[in-house]
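Report on the structure
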Amino acid sequence: MTQDKNKKAECGYAGQALDFVYDEMAADATAAFGGHLAACTNCADEVSSLSASSLAVQEWRSEAFDPLATPRFTIPVVTEKRASFLAGILGLFRQPLYAASAAGLLLASAVGIYILVNAGAARPNVERAAVSASPAAATPAPSIETPKPAIPDDDVEEVLAAKEDKTENPVAAERRARTRMIKRDKPLRQSNDDTHSGTVATNEPGAKTVPEDLFGEVPETRDRSLRLTDLFAEGEED
Amino acid sequence: MFKELADEQLVELAVRDDPEAFGEIVRRWERKIFALCFGMLGREDEARDAAQEAFINAYRSISRFRGDAKVSSWLHRIAVNQCLTVKRRQKSRAEEYLGDEDEAESRMFVASPTGSPKNIAEKGERLKLVRQAVGALPQELREVIVMKEFEEMTFQEIADTLELPLSTVKSRLYTALKQLKMRLERLPVEIV
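Everything numeric in this text was worked out from a predicted model, so none of it was measured.

Rules used throughout
- Residues numbered from 1 in each chain as written.
- Chains lettered and ligands numbered in written order.
- Predicted model: local features only at pLDDT ≥ 70, side-chain atom pairs only at ≥ 80, totals over all residues.
- Heavy atoms only, no water.
- Helix = DSSP H or I, 4+ residues; strand = E, 2+ residues; numbered from the N terminus.
- Buried < 20%, exposed > 50% of the residue type's maximum accessible area, 1.4 Å probe, protein only.
- Contact = heavy atoms within 4.5 Å.
- Areas by Shrake-Rupley, 256 points an atom, 1.4 Å probe, with all protein chains shown as cover.
- Patch = residues over 30% accessible without salt bridge, like charges linked within 9 Å, V, L, I, M, F, W, Y side chains within 5 Å.
- Salt bridge = Lys/Arg side-chain N within 4 Å of Asp/Glu carboxyl O.
- Buried area = accessible area lost by both parts, 1.4 Å probe.
- Polar contact = N/O pair within 3.5 Å; in protein donor to acceptor, adjacent residues only side chain to side chain.
- Phe/Tyr/Trp six-rings, centres within 6.5 Å; stacked < 30°, edge-to-face > 60°.
- Axes fitted to C-alpha atoms, helices over the stretch in contact; angles between N-to-C directions.
- Parallel < 35°, antiparallel > 145°, perpendicular 65-115°, else oblique.
- Left-handed = near helix turned anticlockwise from the far one by under 90°.
- Nonpolar A, V, L, I, M, F, W, Y, C, P; charged D, E, K, R; others polar.
- Core = buried A, V, L, I, M, F, W, Y, C linked by side-chain atoms within 4.5 Å.
- Disulfide = S-S within 2.5 Å.
- Arc of directions from axis to C-beta.

**Notes on the overall build of chain A**
- Each helix and strand in chain A was counted, giving 9 helices and 0 strands.
- Written out in order from the N terminus, the α and β elements of chain A read α-α-α-α-α-α-α-α-α.
- Counting the 238 residues in chain A, one finds 23% classified as buried.
- For chain A, the proportion of contacts with a sequence separation of at least 24, taken over those separated by at least 6, is 60%.

Here's what the structure looks like:
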């Protein structure tokens, strides 16, 4: 081993075997090294060893790689072009992962917009109704408390009589008395109760009041009406 | 239009959002990068995928390309890194590849139409062992021998590409060939 190293060291061409194998020497240097190989067994062995490995790899390349065609490489290029809003929305649906969430988002937005629009539309309607209320076009909204029609005194007596008479149904007697009252076309009496005096209660805050004179009602001075509850209370006291 | 331009000029154009310029770079280097990947990985399908990934990575990182390095060096470095990534993945799922080895070799054997079946079988076996021997080399030795034998680069080109001294390249190549010889000597069949 030491002898080999000494021989290599003595050889002036040591380290040139690789250049010779790969033909990376100048022409005159190649010729000189070729002449030296005939005399130097160490350099000849070195060249043989390196060539064997190199040729083995070259054979592998020529058999396995050279017949292969170069594949077509495609580079996906992302352009910076800004897509339109609609294209962006549509693009969401091209992604299967996002399709469901995008659809849900759109649906939720649509429902939200619908609710907002309806809520916004309902409020102005109320105000509009309140503002446009005029005596000529007064169509009062459904009242919360409608005054009960007053019953004439003689009808009250009839009802009380019916009540005392257990054989007759008091409800039927009351209905009969009311029917008679309508036939006589007697004007209704107004209640003394403050909540009913001259106004019609509506569910609209701040709605304009409508005078009862417009409906041809009886003046307030003749108001002597009684409530059924008062009558019943009197009957019980009796 | 791009054929007269140098690689560095093409990169400048590609950085300014001209994909066609990068396409020209791919056309210039695709065969060599593919050869490098094949030599490093030893399989066509893996080499193709690795080369594709290398070009994609290069395009993505083109804005970070330093002008002081050669484009060839930059591309080779990316390709070698990609091959090393593939090798690491192979190691992690080595069991899956055991069954594929014979199939890959059988495809290689069919490629040689001449000779007796015995010779074809022997050649196939030899090529398989060479591939395995090259694959078993350390990465820094393997990339040098692949660049020399598959890309047919000169010592100086390899030194420029790897940004190494010329003497280091020669030393690595010498060591690689010696180690390869030792591994191939264990073969039951004659090498050359």
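Still more ground to cover, so stick around.
**Regarding the overall build of chain B**
- Counting secondary structure elements, chain B contains 9 helices and 0 strands.
- Of the regular secondary structure in chain B, the N- to C-terminal order runs α-α-α-α-α-α-α-α-α.
- Looking at the 192 residues of chain B, the share that counts as buried comes to 49%.
- By sequence separation, contacts in chain B at least 24 residues apart represent 60% of the contacts at least 6 residues apart.
- Summed over its atoms, the accessible surface of chain B is roughly 9,800 Å², and 50% of this surface lies on carbon and sulfur atoms.

**Here's the deal with a nonpolar patch on the surface**
- Together, A:L107, A:V111, A:Y114 and A:I115 make up an exposed nonpolar region whose accessible area comes to about 440 Å².
- Relative to the elements of secondary structure, A:I115 occurs in helix α6 (residues 96-131).

**Overview of unusual backbone geometry**
All names here are of chain B.
- Of note, D17 is a non-glycine position whose phi angle comes to about 65 degrees, a positive value.
- Relative to the elements of secondary structure, D17 occurs in the loop between α1 (7-15) and α2 (19-41).
- Under the relative-accessibility criterion, D17 is labelled partly exposed at 47%.
- A positive phi angle is found at E152, which is not glycine, with a value near 55 degrees.
- By the secondary structure assignment, E152 is in the loop between α7 (139-149) and α8 (155-162).
- When its relative accessible area of 56% is taken as the criterion, E152 is described as exposed.

**Overview of the interface of chain B and chain A**
- Each side of the interface is counted separately: chain B has 44 residues, and chain A has 31 residues.
- Around 3,700 Å² of area is buried between chain B and chain A when both sides are counted, 68% of it from carbon and sulfur atoms.
- Here chain B is connected to chain A by 6 salt bridges.
- Of the charged contacts, one joins B:K170 and A:D19 as a salt bridge, the two residues approaching to 3.1 Å between their closest N and O atoms.
- Inspection of the chain B/chain A interface yields 17 residue pairs in polar contact (both at pLDDT 80 or more).

**Side note on the packing of aromatic side chains**
- Enumeration over the complete set of coordinates arrives at 12 aromatic pairs over all chains.
- With centroids separated by 5.3 Å and ring planes inclined at 45 degrees, the aromatic side chains of A:F65 and B:F38 adopt a geometry described as tilted. Pair noted here: A:F65 is in helix α4 (residues 41-65) and B:F38 is in helix α2, and the two residues belong to different chains.
- Exposure remark for A:F65: the relative accessible area of 3% places this residue in the buried category.

**Focus: the packing of helix α3 (residues 44-60) of chain B against helix α4 (residues 71-92) of chain B**
Residues and elements named next belong to chain B.
- Two elements in contact, α3 and α4, have axes whose closest approach is 9 Å; the angle formed by their N-to-C orientations is 130 degrees. On the basis of the axis angle, α3 is oblique to α4. Relative to α4, the crossing made by α3 is right-handed. Where α3 abuts α4, its residues E46, A50, E53, A54, F55, N57 and A58 lie against W74, L75, I78, A79, Q82, C83, V86 and Q90.
- For the contact of α3 with α4, the residue count by class is 10 nonpolar, 3 polar and 2 charged.

**Looking at the nonpolar core**
- Membership of the largest hydrophobic core comes to 77 residues, with the highest contact counts inside it found for A:W60, B:F22, B:L75 and B:I145.
- When residues in this core are grouped by element, the largest group, 13 residues, is from α2(B).
- Apart from residues no more than four positions distant in its own chain, B:F22 is found in contact with A:I75, B:A14, B:F55, B:A58, B:Y59 and B:I62.

**Some thoughts on the state of the cysteines**
- Inspection of every chain in the model, using the stated rule, returns 0 disulfides over all chains.
- Summary of cysteine pairing: A:C40 is not part of a disulfide, and the nearest cysteine sulfur, belonging to A:C43, is at 3.5 Å.

**Details of the pattern of salt bridges**
- A complete count under the given rule lists 16 salt bridges over all chains for this structure.
- The salt bridge involving A:E59 is made with B:R126; its shortest N-O contact spans 2.8 Å. Here A:E59, found in helix α4, pairs with B:R126, found in helix α6 (residues 117-136), and the two come from separate chains.
- The buried category is assigned to B:R126, whose relative accessible area is 14%.
- As a salt-bridge pair, B:D45 and B:R43 come within 3.6 Å of each other at their nearest N and O atoms.

**Looking at α7(B)**
- Counting buried positions along α7(B) gives 9 out of 11 residues, so the element sits mostly inside the fold.
- Listed in full, the buried residues belonging to α7(B) are B:L141, B:R142, B:E143, B:V144, B:I145, B:V146, B:M147, B:K148 and B:E149.
- Of the surrounding secondary structure, the elements contacted by the buried residues of α7(B) are α4 of chain A together with α2, α4, α6, α8 and α9 (166-184) of chain B.

**Here we look at α1(B)**
Residue and element names in this part refer to chain B.
- Of all the residues in α1, the buried ones are D7, L10, V11 and A14. Each buried residue of α1 sits inside an arc of 100 degrees when the element is viewed along its axis, so together they form one side.
- The inward-facing, buried residues of α1 abut α2 and α4.
- Backbone geometry just after α1 places D17 at a positive phi near 65 degrees.

**Remarks on the packing of helix α3 (residues 27-39) of chain A against α4(A)**
All names here are of chain A.
- At their nearest, the axes of α3 and α4 sit 6 Å apart, and the two run at 110 degrees to each other. When the interaxial angle is binned, α3 and α4 end up roughly perpendicular. Along this stretch, α3 crosses α4, giving a crossing that reads as left-handed. Contacts between α3 and α4 involve F33, H36, L37 and A39 from the first element and T41, C43, A44 and V47 from the second.
- The class makeup of the residues in the contact of α3 with α4 is 6 nonpolar, 2 polar and no charged.

Remember, this is a structural readout, not a statement about activity or role.
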